[in-house]
Amino acid sequence: MASRIRAYTDMSLRRLAKSSQPDETSNGLVNEDHAMDEMDEEMGPEIETETETRAASGAVAVVAKPNDATVPSLGPYLPPTPTLPADKSEITQYVESSLALSVKDPSFLVPLFETYSQMDVTVQEAVQDLLVRPVQAMGANNAKLLGYLKDYPAGAESLVLRILHVFTENARPTPTILQLVKHLIAERNADARFLMLIIGEMDKVEISRHLPNLVGTLNGSVERRLLVRQMFHSIVEVSLMTNTNQVREGQSRLLTPKELMIQLHDMESEVGLKKAKEAISVCFNMPETFKSEVLASVMQHYLDAKTLPMLFVWTVLQAVATYKHLTGWVSTTLLSRLITKKVWTNPQLWDGFILCAERTEPNSFDALLQLPKEQLRDLVDRKPVIKVKLREWLTKRAGKQQARYAGIFELLGDTTALS
C-alpha cells in the first residue's frame, strides 16, 4: 500500500511538470495519464484512510487506516495538467499529499526537486508558497532535507532558495544551514542570491571576497537595491547591538561603513562603473550608517592615496548634496588637493572637478585661482557663467591691488580692471 501511495504522489507532481509542455503527446505521457486514471479508480475503494489536519504543515496528512468505510480516499481525480497561469488552489490538489507526507518522510519531496525545472513559472511560484509550512515543520536540521538541498538538480535553484529563506528570514542561519550554503557556493557555484542569506555571518575576509559578486546582482531594479541595502545593513550595522561584547565582536568581524564604501570604489573596474555607482547610491540612502563624518573620512582616504577611482568626484558631489555642511571643506581643502594631484590629466576626473567647482561656487573660487592658467582657461571657457562670476568676485577681492591679478583678469577677458 505504501508503494501505491508513493506512486500516486509521484505521478501527481509529474503532472505539474507536464503542464509546461502542452504539446507533448509521446506514448510515455499518454501511458502515464492512463496509469494515473487507473490508480485514481483503484485507490478509492481499496485504500481507506484517516485524514489528519496538521497545524505545523498546513496540509492534510494521509495515514492508512484499514477497515473504516467512513473515511475519504487518498484524493480526487486530478486533471492531466493544471490550468495556466496556475491557480494556487488548483495546484494544492496536486501537491498537498506529497507535502503533508514529507513532514515525516522528506523523500516525498524528491519528485518535486526532479520535476521543478520543467514546471511553468506560475506553477513554481504556487509550489513555493505551499511548501513554506511543511518545510517549517521539518526544521532546519532535518538531515534528509539538507541532503536534497545539497544535491539539488540543475534548474531547482529557486526552489532551494525558497526553502533556505524559510529557515533564515526570521532567524540567524543555524550552523548546518551556514555550512550547507557555503558548500553550495564553493562546490556548486551557487550565485549571489545564496550569499545574501549568510553574508551577515561571515567575517571581513569572506565578506570582502564575495562583495563584488553581490554588487554584481544590481540591475537597476528597486527590488534588487532593497536586497543589497538589507545586505549592507547586515555587514556594517552594529548600532542595534546593546551588549558591549556583541559590539566589540561585530566591530572586529564586520566591515565599518568606511571600509565598505572604500571597497565599493575600489571594485569599479571589476564590477563596472554602473554597478559600483548603484551600490554607492544605496549607501547614500542609508544616512543612519553612512554619516557625514564617514564620507569625509572616505574622501580624505583617497586624497592621501596615489590614485583616484573614477567615481571619486561623483561621490564628492553626492556628499555635498546630502550634507550641505561639507561644502566648505570640499570647496577649499578637497579641490586644492585635487589640483596638487593634477586632476586635469584624467579627462573624466577633470570633468567632475569642473562640475564640483560649479556646484560649490563661490566658495570654490579661491581654489580655482590655484589652477595653472591653461586649465583655468579651459574651465572658464567651458563654464561661461563661472567666468562672469569669478571675474566679479575677483574684482571685489582685489580692490586696489588689481594689478596683482593682471594675468587672471586678462584670462577672464576683463582689461578694464587694469586701467
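Residues numbered from 1 in each chain as written. Predicted model: local features only at pLDDT ≥ 70, side-chain atom pairs only at ≥ 80, totals over all residues. Heavy atoms only, no water.

Assigned secondary structure in the protein chain consists of 24 helices and two strands. In the protein chain, which comprises 419 residues, the share counted as buried stands at 46%. For the protein chain, long-range pairs separated by at least 24 residues make up 68% of all intrachain contacts whose partners lie at least 6 apart in sequence. As displayed, the protein chain has an accessible area near 20800 Å², and 51% of this comes from carbon and sulfur atoms. (Helix = DSSP H or I, 4+ residues; strand = E, 2+ residues; numbered from the N terminus. Buried < 20%, exposed > 50% of the residue type's maximum accessible area, 1.4 Å probe, protein only. Contact = heavy atoms within 4.5 Å. Areas by Shrake-Rupley, 256 points an atom, 1.4 Å probe, with all protein chains shown as cover.)

Looking now at unusual backbone geometry. Note the cis peptide between L84 and P85, where omega equals -5 degrees. Residue placement: P85 occurs in the loop between strand 2 (60–64) and helix 3 (88–102). Look at the link from E361 to P362: it is a cis peptide, with omega at 5 degrees. Secondary-structure assignment places P362 in the loop between helix 20 (347–359) and helix 21 (365–368). A positive phi angle is found at K342, which is not glycine, with a value near 55 degrees.

Turning next to helix 3. Remark: the principal bend of helix 3, roughly 55 degrees, maps to V95. For helix 3, the complete set of buried residues consists of E90, I91, Y94, V95, S97, S98, L99, A100, L101 and S102. (Bend = angle between axes of the 7 residues up to and from the residue.)

Further remarks concern the pattern of salt bridges. A full pass over the atoms with the stated rule returns 15 salt bridges. Of the charged contacts in the structure, one is a salt bridge between E201 and R172, with a shortest N-O distance of 2.7 Å. Pair noted here: E201 is in the loop between helix 10 (192–198) and helix 11 (204–215) and R172 is in the loop between helix 8 (157–168) and helix 9 (175–187), with a separation of 29 residues, a long-range link. Judged by its relative accessible area of 22%, E201 falls in the partly exposed class. The exposed category is assigned to R172, whose relative accessible area is 61%. The salt bridge partner of R397 is D366, with a shortest N-O separation of 2.0 Å. In this pair, R397 sits in helix 23 (residues 384–398) while D366 sits in helix 21, placing the two residues 31 residues apart along the sequence. One connected set of salt bridges, linked through shared partners, spans R6, D105 and K144. (Salt bridge = Lys/Arg side-chain N within 4 Å of Asp/Glu carboxyl O.)

The subject of this paragraph is the side chain of Q124. Position of Q124 among the secondary structure elements: in helix 5 (residues 121–130). In contact with Q124, other than residues within four places in its own chain, are Y116, S117, M119 and S158.

A few words now on the packing of helix 19 (residues 327–340) against helix 20. Direction vectors running N to C along helix 19 and helix 20 enclose 160 degrees, while the axes themselves pass 11 Å from each other. With respect to helix 20, the element helix 19 is oriented roughly antiparallel. As for the relative orientation of helix 19 and helix 20, their crossing is left-handed in sense. Side by side, helix 19 and helix 20 meet where V330, L335, L338 and I339 of the first sit next to F353, C356 and A357 of the second. (Axes fitted to C-alpha atoms, helices over the stretch in contact; angles between N-to-C directions. Parallel < 35°, antiparallel > 145°, perpendicular 65-115°, else oblique. Left-handed = near helix turned anticlockwise from the far one by under 90°.)

Summed over all chains, the structure comprises six aromatic pairs. Relative to F353, the ring of W350 lies with its centre 5.3 Å away and its plane at 15 degrees, an arrangement referred to as stacked. Here the residue W350 and the residue F353 both occupy positions in helix 20, the gap between them amounting to three residues, near one helical turn. Their ring planes at 65 degrees and their centres at 5.5 Å tell us that F365 and W393 sit as a pair that is edge-to-face. One end of the pair, F365, is in helix 21; the other, W393, is in helix 23, with 28 residues separating them in the sequence. Among the aromatic residues, those joined into a ring-pair cluster are W344, W350 and F353. Sitting above the plane of the F108 ring, R6 keeps its charged end 4.1 Å from the centroid. The ring centre of Y152 lies 4.1 Å from the NZ or CZ of R188, which sits over that ring. (Phe/Tyr/Trp six-rings, centres within 6.5 Å; stacked < 30°, edge-to-face > 60°. Lys NZ or Arg CZ within 6 Å of the ring centre and 35° of its normal.)

So, on to the confidence of the model for the protein chain. Counting all residues, the mean pLDDT for the protein chain is 83, and 80% of those residues have values of 70 or more. In this model residues 24–75 is a low-confidence stretch, pLDDT under 50, and it forms 86 contacts with partners more than four residues away in sequence or in other chains. Taken together, the stretch residues 239–250 has pLDDT below 50 and engages in five contacts with residues farther than four places along the chain or on a different chain. (pLDDT = per-residue confidence, 0-100.)

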